[in-house]
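Survey of secondary and tertiary structure
So the chains spell out like this:
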Amino acid sequence: QVQLVESGGGLVQAGTSLRLSCAASGSTFKSSSMAWFRQAPGKERELLAAIAWNGFTLYYSDSVKDRFTISRDNARLTVYLQMDSLKPEDTAVYYCAADATASVRYTTTETYQYWGQGTQVTVSS
């Protein structure tokens, strides 16, 4: 079992940065693949980035590649999303998710068993 709590969202101006954190509790975090998703109003949930249990980056979406960076600190049971050069179209609720099975299907939303409650990111122009 993994419990996830996101933090770090807020209202920022375009071109600035934010770092989201996802604090985990539970015995399986260290062996879980982790991911960040976002969902904007009226849109489907979008996978942004995924990272393996050992810190190997599995995936970035084209929409955030070269602007966002996923990382994890297993000692702190935390996964991060560093977001640079933010754009108004990055406005969404951001979620972290955990896959305790470390599936190769890390790009599939249904792969992830555990989800946080989400944190709002709003980017003004």
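Residues numbered from 1 in each chain as written. Predicted model: local features only at pLDDT ≥ 70, side-chain atom pairs only at ≥ 80, totals over all residues. Heavy atoms only, no water.

1. Examining the environment of leucine 81
- Along the chain, leucine 81 falls in strand E8 (residues 78-83).
- On a C-alpha basis, the gap between leucine 81 and leucine 20 in space is 5.0 Å, while along the polypeptide they are 61 residues apart.
- Contact partners of leucine 81, with chain neighbours within four places excluded, come to Leu18, Arg19, Leu20, Trp36, Leu48, Phe68, Thr69, Ile70 and Tyr94. (Helix = DSSP H or I, 4+ residues; strand = E, 2+ residues; numbered from the N terminus. Contact = heavy atoms within 4.5 Å.)

2. Observations concerning the sheet that holds strand E1 (residues 3-7)
- Spatial ordering of the open sheet is given by E1-E3-E8-E7, a layout of four strands whose pairing is antiparallel. The open sheet has two free edges, formed respectively by E1 and strand E7 (68-73), since each of these has just one partner strand. Along the sheet, successive strands turn relative to each other by an average axial angle of 15 degrees, direction set aside. (Pairing = 2+ DSSP bridges. Axes fitted to C-alpha atoms, helices over the stretch in contact; angles between N-to-C directions.)

3. With respect to the nonpolar core
- Grouped together as the largest cluster of nonpolar side chains are 27 residues, with contacts concentrated most on Leu4, Met34, Trp36, Phe68, Leu81, Met83 and Tyr94.
- Setting aside residues no more than four positions away along its own chain, methionine 83 makes contact with Thr16, Ser17, Leu18, Leu20, Arg67, Phe68, Tyr94 and Val121.
- Core analysis: the second largest hydrophobic core is formed by seven residues, Ala35, Tyr95, Ala97 and Tyr112 among them. (Core = buried A, V, L, I, M, F, W, Y, C linked by side-chain atoms within 4.5 Å. Buried < 20%, exposed > 50% of the residue type's maximum accessible area, 1.4 Å probe, protein only.)

So far we have only geometry, and geometry alone does not tell us how the molecule works.
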